[in-house]
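# Structure at a glance
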Amino acid sequence: MTNANLPRRSWVQRWHVKGIGWTALMVLLLIGSSKMTDVNVGMFFSNLDQFADLIVRMSNPAWDYLSVIIQPLIETIQMAILGTTIGTVFAIPFALLAAGNLVHNKFLRGFDRLVLDLVRTLPDLLLAAIFVAIFGIGSTAGVITLAIFSFGMISKLFYEVIETIDMGPLEAMESVGASKITIIWYAVLPQIMNQFVSYFLYTLEINVRASTVLGYLGAGGIGVYLQRSLNEFNYGATAVIILATIVVVLIIDGISNHLRRVLL
Amino acid sequence: MDEHLATFLRGAYEMEQAPIISFKHVSKVYSNGTVGLKDIDFSIPKGQFLVVVGLSGSGKSTLMRTINRMHEVTEGEVYVENEAVSAYKGRSLRTLRRRIGMIFQNFNLINRSSVEKNVLSGRVSYYPTWKSVMGLFSAEDKQKAVASLNRVNMSEKIYARADELSGGQQQRVAIARTLMQDPKIILADEPIASLDPLTTKTVMDILKRLNQEDGLTVIVNLHSVELAREYADRIVGLRAGELVYDEPISAVTEADLNKIYQAI
């Protein structure tokens, strides 16, 4: 079954040298890094019984605690919505300035991206700790943390979407004699609106989850109660909080998945 | 003949023949060293139907875009209505572009927007940015949009989304958008390259009608020699950025045109 017309493959191609080589290198790097960082996989398995013990203690949810956490759960969702919205509003101009197909000035774009990179580098837990110190314990610190976190994330997602749009309509609007802002409004926004909404909802989901953790640092919401119940070894309450959070996250996931499907 | 009358007639004749566009030794070299245009020097009288032929990459699109400054030239000057286009900036550049309608191979409509919004977008340069953005078009201009659509037989699709239309219909909407500018010149860059033979005829007929009924100067880039011969008043040929052919339609022979398409 040899075809005389085909060129011969080199031995590198025939023995898949590149594929095998890269795989071997990755495996070596993985083993090396676990050695150097002293990660002990054995410990994970030997301590599994403690994990099981915790599960057993939590297997008896204190359902009457539910009435206590409804209010903070709502607060968590409100924090997430507020934070995401504020972050998005600020992210839009920064995303437009960071898009290579809209802004040809390299320095302006580079500076803008530098700012965005810096914002994204700050971990949300660090932000929460800082803002709790500034604004005191409460949801204000949480909202600001989420706003900055959403800003960093959304601006990057947005400008990457902007860079994939069809430039044809922009050229047409330019030839019509439209100003820059009009071009963006008429030719850019309609092309990206659905993806914008989709990413907004995605960030909202992440923020609902994140805000439970932020509460741990005193940034308001359900996390405060999670921390309290754990400190008091009140595992029944912990179980209720976790279950309720899962339900909320599932509902928000469902709504945003549905909206994304309808929109795209 | 009376001498004064003769002078008057000559004057009238010259005015009639005054070029609406002239290229004076126009060259363009791209930053990577590629030669786009090489010493282009010719004029286009008002009301002419000019067809530019040439292979892909011969500089047809570039030449066309130097007229409305979508491309800059590196040497020489382009004059539109006796004014050097390089002198335009900002707002005045936008009013230059407003006088010059442009039609594209890929139609460049805003797919997710309605036909009406697409057509009205051709009018934005007559409005301040904030009014365009808010969509505050006058009742007259909305009437004008209907009238423009009527001219291309598309008014029954006014509320359809642009991406629901066939290619030929989209190109007709694009022409209606251009008409909203009240242009004096129409530039059509391969307007029928993505259309079937039947819709090709419709679109070319519309362009010819605008040329004859409204006296618009029409410049069309084409690949098809037959279409060029059928519609043009004059044919110019480009090869590797150079003007290699320029004849009125009465002097054009099949052999000439085939020569333009031959490899060097």
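Analysis parameters
- Residues numbered from 1 in each chain as written.
- Chains lettered and ligands numbered in written order.
- Predicted model: local features only at pLDDT ≥ 70, side-chain atom pairs only at ≥ 80, totals over all residues.
- Heavy atoms only, no water.
- Helix = DSSP H or I, 4+ residues; strand = E, 2+ residues; numbered from the N terminus.
- Rg over C-alpha atoms; globule rule 2.2 N^0.38 Å.
- Buried < 20%, exposed > 50% of the residue type's maximum accessible area, 1.4 Å probe, protein only.
- Contact = heavy atoms within 4.5 Å.
- Areas by Shrake-Rupley, 256 points an atom, 1.4 Å probe, with all protein chains shown as cover.
- Lys, Arg positive; Asp, Glu negative; His and termini not counted.
- Charge placed at Lys NZ, Arg CZ, Asp CG, Glu CD.
- Pairing = 2+ DSSP bridges.
- Expected span 1.5 Å × (residues − 1).
- Arc of directions from axis to C-beta.

## What about the overall build of chain A?
Within chain A, the secondary structure is distributed over 12 helices and 0 strands. The secondary structure elements of chain A, listed N-terminal to C-terminal, are α-α-α-α-α-α-α-α-α-α-α-α. For 264 residues, the compact-globule estimate of 2.2 N^0.38 gives 18 Å, and the C-alpha radius of gyration of chain A, at 25 Å, exceeds that figure by more than 25%. With respect to the principal axes defined by its C-alpha atoms, chain A has extents near 70 × 60 × 35 Å. The buried share of chain A, taken over its 264 residues, is 38%. A sequence separation of at least 24 residues applies to 75% of the contacts in chain A between residues at least 6 apart. Roughly 15,700 Å² of accessible area belongs to chain A as shown, and the carbon and sulfur atoms make up 70% of that amount. Positive and negative side-chain charges in chain A, numbering 16 and 16 respectively, have mean positions lying 14 Å apart.

## What to know about the pairing of strand β2 (residues 35–45) of chain B
All names here are of chain B. Across 7 bridges, strand β1 (residues 19–29) lies against β2 in antiparallel orientation. Across the sheet, the residue bridging to P19 is P45, located in β2. The turn linking β1 back onto β2 is made up of 5 residues, and G33 within it adopts a positive phi angle of 95 degrees.

## What about helix α6 (residues 139–151) of chain B?
Residues and elements named next belong to chain B. With 13 residues, α6 extends 19 Å from end C-alpha to end C-alpha; this agrees with the ideal 18 Å at 1.5 Å per step. Turning to α6, its buried residues number three or more, namely D141, A145, S148 and L149. All buried residues of α6 fall inside an arc of 95 degrees around its axis, so they share one side. Projecting away from the buried face of α6 at angles above 90 degrees are the exposed residues A139, E140 and Q143. Of the surrounding secondary structure, the elements contacted by the buried residues of α6 are α4 (115–120) and α7 (167–179). Once α6 finishes, N153 follows within two positions and takes phi at roughly 60 degrees, a positive value.

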